[in-house]
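Working through the structure, step by step
Given next are the chains, with one letter for each unit.
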Amino acid sequence: MTRARPVVAIDGPVGAGKSTVAREAARALGFSYLYTGAMYRAVAVAAHDAGLAPDSPDLDTRLAPLLAAMAIRFEGDRVFLNGADISARIRELAIGDLASRFSALAPVRERMRDLQRAAGAAGGAVIEGRDIGTVVFPDAEFKFYLDAGIEVRADRRFAELKAQGAHVTRAEVFDQLRERDRRDSSRELAPLKRAPDAIVIDSSHLSIGEVVARITGLVLKGASARSGT
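A short tour of the structure in this document, coming up.

Conventions we followed
Residues numbered from 1 in each chain as written. Predicted model: local features only at pLDDT ≥ 70, side-chain atom pairs only at ≥ 80, totals over all residues. Heavy atoms only, no water. Helix = DSSP H or I, 4+ residues; strand = E, 2+ residues; numbered from the N terminus. Buried < 20%, exposed > 50% of the residue type's maximum accessible area, 1.4 Å probe, protein only. Contact = heavy atoms within 4.5 Å. Pairing = 2+ DSSP bridges. Axes fitted to C-alpha atoms, helices over the stretch in contact; angles between N-to-C directions. Salt bridge = Lys/Arg side-chain N within 4 Å of Asp/Glu carboxyl O.

Here we come to the environment of Phe142. For Phe142, the location among the structural elements is in strand β7 (residues 142-147). A residue is classified by how much of its surface remains accessible, and Phe142, at 11% relative accessible area, is buried. Sequence separation of Phe142 and Gly222 is 80 residues, and the distance between their C-alpha atoms is 8.3 Å. Among residues more than four places away in sequence, those in contact with Phe142 are Pro6, Val7, Val8, Ala9, Leu218, Val219, Gly222 and Ala223.

Mapped onto the elements, Arg41 comes out in helix α2 (residues 36-49). What makes Arg41 buried here is its relative accessible area of 10%. For the pair Arg41 and Ser87, spaced 46 residues apart in sequence, the C-alpha to C-alpha distance is 9.9 Å. Those residues in contact with Arg41 that sit more than four places away from it in its chain are Tyr35, Ile90, Arg91, Glu92, Ile95, Gly96, Ala99, Arg157 and Arg180.

Here we come to the environment of Ala223. With respect to the helices and strands, the residue Ala223 is situated in helix α9 (residues 208-227). Given a relative accessible area of 26%, Ala223 falls into the partly exposed group. Along the primary structure Ala223 and Arg5 are separated by 218 residues, whereas in three dimensions their C-alpha atoms are 8.3 Å apart.

Across the five residues that make up strand β1 (residues 7-11), a large majority, five, are buried. As paired strands, β1 and strand β6 (residues 125-129) are joined by five bridges and run parallel to one another. Across the sheet, residue Val7 finds its bridge partner in β6, namely Ala125. Two strands pair when backbone bridges link them, and β1 and β7 are joined in this way by four bridges, in the parallel orientation. Its bridge partner lying in β7, Ala9 is registered against Lys143.

One open sheet holds the five strands; their spatial order is β2-β6-β1-β7-β8, and the pairing between them is parallel. Each edge of the sheet is formed by a strand with only one pairing partner; in this case those strands are β2 (32-35) and β8 (199-202). The mean inter-strand angle of the sheet, taken between neighbouring strand axes irrespective of direction, is 20 degrees.

It is possible for side chains of opposite charge to pair when their charged atoms get near one another. Within the structure shown, the criterion is met by 21 salt bridges. Asp139 serves as the salt-bridge partner of Arg3, at 3.6 Å between the closest nitrogen and oxygen. Taken together, the residues Arg3 in the segment before β1 and Asp139 in the loop between α6 (132-136) and β7 connect sequence positions 136 residues apart. One salt-bridge network, in which partners are shared between bridges, spans Asp97, Glu179, Arg182 and Arg183.

What follows is about unusual backbone geometry. Of note in this structure, Asn82 is not a glycine but carries a positive phi near 50 degrees. As for its placement among the helices and strands, Asn82 is situated in the loop between β4 (78-81) and β5 (84-85). The phi torsion at Ala190 lies on the positive side, around 45 degrees, for a residue other than glycine. With respect to the helices, strands and loops of the structure, Ala190 is situated in the loop between α8 (170-186) and β8. Taking relative accessible area as the criterion, Ala190 reaches 10% and is therefore assigned buried.

Below, the structure written as structure tokens:
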């Protein structure tokens, strides 16, 4: 597919800084920004409110209509599910864990993949997640894999949750991150992994600004080369 403007895919584990980096990179490039993690968390919120768990005995009959009825909308940093603002809820530790479990289910990934592809089809988008460069947009013009050591990621996530008023310990955050890494990397369907042609950036000792500058610089240089200017 030939797009007038490129798709920038940013993948990586929890706590690597993908959301902030992708949002700032999109702003700097004048692109749209799609936070796919929020979409899976919206699924978790919808399922939780419906009393549905990944191991519910009636999952097969209830999940499809729940997914079909979901309307997810972004307004800046706010996320809406069927008209309700769920921006605060999607940042809860329990919702994040539930989202990881639901994201391993084929119907969930298929529905979210279709929505994500539709959102970025025209290009001019920075899209972050776990499988953007490998599954959702394997033809993305620019692919990045943003990583950081688990201790660094745990510190970042803990600070974020505390700032939001969450009652959680650093040990709990670390244990959940380690479990999320294991689950996301080992699942059969769309596991977290680096695309062979992705540029790896370790953000352990880099500021958000430094990572954004590196990504936008490479995109602008590459876009210039593509256009022959």
